[in-house]
Amino acid sequence: MGRAPAGRQRRSWSRRRAGWSPAYLKSHSQGEYVFDHGWADAYERAGGAYYPKLQVAVPFTPVPGKRLLGGRPQQLLAALETVVVQNGLSSAHITFLDNVDAAHCEARGWLIRDGLQYHWFNRGHASFEGFLATLSSRKRKQIRKERKAAFDGLEFAELRGTEIGPAEWDAMWAFYQDTGSRKWGNPYLTRAFFDRIAETMGDKLLLFLALRNGRPIAGALNLIGSDALYGRYWGTTEEVPFLHFELCYYRAIEWAIVHGLAQVQAGAQGEHKLARGYEPVITRSAHFLADPGLRAAVKRYVDGERIAIADEARWLAEALPYRSSESE
């Protein structure tokens with residue numbers, strides 16, 4: 001009996017598969033935005049080997065979404081656990097999963113860890129000025145002052161898709177290198193990465209540039225989703241007051257309003273986003289730790305951390321810059 005055509009084999013396999021996840025073996029914890037370096041250090045000081053570990057994630061992307069694909073999440077989680085145990089790995093980690101996937105993980109006994117991000121939500125604003133009108137008077141004045149200072153002596157460009165040419169990508173690469181070198185010490189994305197996304201993502205790419213005398217001095221790269229704008233990388237070769245806020249936050253809000261997007265997700269961390277109208281949002285990750293001792297220690301940590309983050313989120317929500325009926 002001859003072999004079935006390749007297309008038929010693929011269709012048969014597609015009918016049989018019950019679930020799948022983007023998973024990677026990692027020998028470090030860089031580029032994840034959910035920090036487990038302390039867990040690794042403690043486990044290795046106790047004589048264990050934390051790396052390699054199994055990471056389920058969209059690489060370098062702190063954006064919540066589906067991670068357990070297909071119709072049988074419990075079986076998929078069992079398969080991930082089996083990969084860990086059979087290969088002598090320390091753990092499996094699913095980062096930035098949505099609440100549905102987090103519930104599936106929790107039901108199976110995985111540890112759930114909470115984190116904080118700051119997202120801006122479009123509540124039917126007709127313009128950036130309309131958004132400012134929802135803020136307290138003091139915050140409105142501060143943002144206008146920041147934007148005026150950022151504009152001083154500069155020009156700005158908004159480029160999308162094929163409008164971003166090799167010269168602009170070279171500039172963005174330089175900005176990324178500068179920021180990465182200062183924050184992480186060793187930026188992990190290559191110059192070829194930017195060419196690759198230019199080829200494959202087209203009009204999903206949005207680049208804001210600041211120029212002095214026609215020369216780019218700063219840039220912010222964004223990805224356009226179906227209902228959200230995702231801020232990803234920023235950098236500058238010249239320090240200008242408030243330019244970071246202008247390129248990464250205010251222009252993103254303005255663009256989302258004009259194009260009818262529901263929200264802006266400006267990446268991980270950054271409590272300073274709060275004063276710019278970005279609101280605290282709980283993010284989640286799930287963790288399977290094979291060693292019972294490590295699991296018990298980490299559980300105590302994440303249980304306490306979850307309470308602290310919930311308290312912080314409530315406090316931050318009370319500190320939002322929006323007007324209240326009592327204040328104005």
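Residues numbered from 1 in each chain as written. Predicted model: local features only at pLDDT ≥ 70, side-chain atom pairs only at ≥ 80, totals over all residues. Heavy atoms only, no water.

Enquirer: For the nonpolar core, give the residues involved together with the corresponding values.
Expert: Formed by 39 residues in total, the largest nonpolar core has its most connected members in Trp 120, Phe 131, Leu 229, Leu 243, Leu 247 and Tyr 278. For this core, the element with the highest residue contribution is helix H9 (residues 243–258), accounting for 11 residues. Counting 17 residues, the second-largest nonpolar core is a separate cluster that includes Leu 77, Leu 80, Val 84 and Ile 94. (Core = buried A, V, L, I, M, F, W, Y, C linked by side-chain atoms within 4.5 Å. Buried < 20%, exposed > 50% of the residue type's maximum accessible area, 1.4 Å probe, protein only. Helix = DSSP H or I, 4+ residues; strand = E, 2+ residues; numbered from the N terminus.)

Enquirer: Give me the lowdown on the packing of aromatic side chains, citing residues and values where you can.
Expert: Each aromatic ring pair is characterised by the separation of its centres together with the angle its planes make. Inspection of the entire model under this criterion finds 17 aromatic pairs. Geometrically, the ring pair formed by Trp 110 and Phe 288 is tilted, given 5.7 Å between the ring centres and 35° between the ring planes. Taken together, the residues Trp 110 in the loop between helix H4 (99–107) and strand S6 (111–121) and Phe 288 in strand S12 (residues 279–289) connect sequence positions 178 residues apart. Each member of the pair Trp 110 and Phe 288 is classed as buried. Its guanidinium or amino end placed over the ring of Phe 128, Arg 147 lies 4.5 Å from that ring's centre, counting from NZ or CZ. The ring of Tyr 233 carries the charged tip of Arg 232 above its face, separated from the ring centre by 5.0 Å. (Phe/Tyr/Trp six-rings, centres within 6.5 Å; stacked < 30°, edge-to-face > 60°. Lys NZ or Arg CZ within 6 Å of the ring centre and 35° of its normal.)

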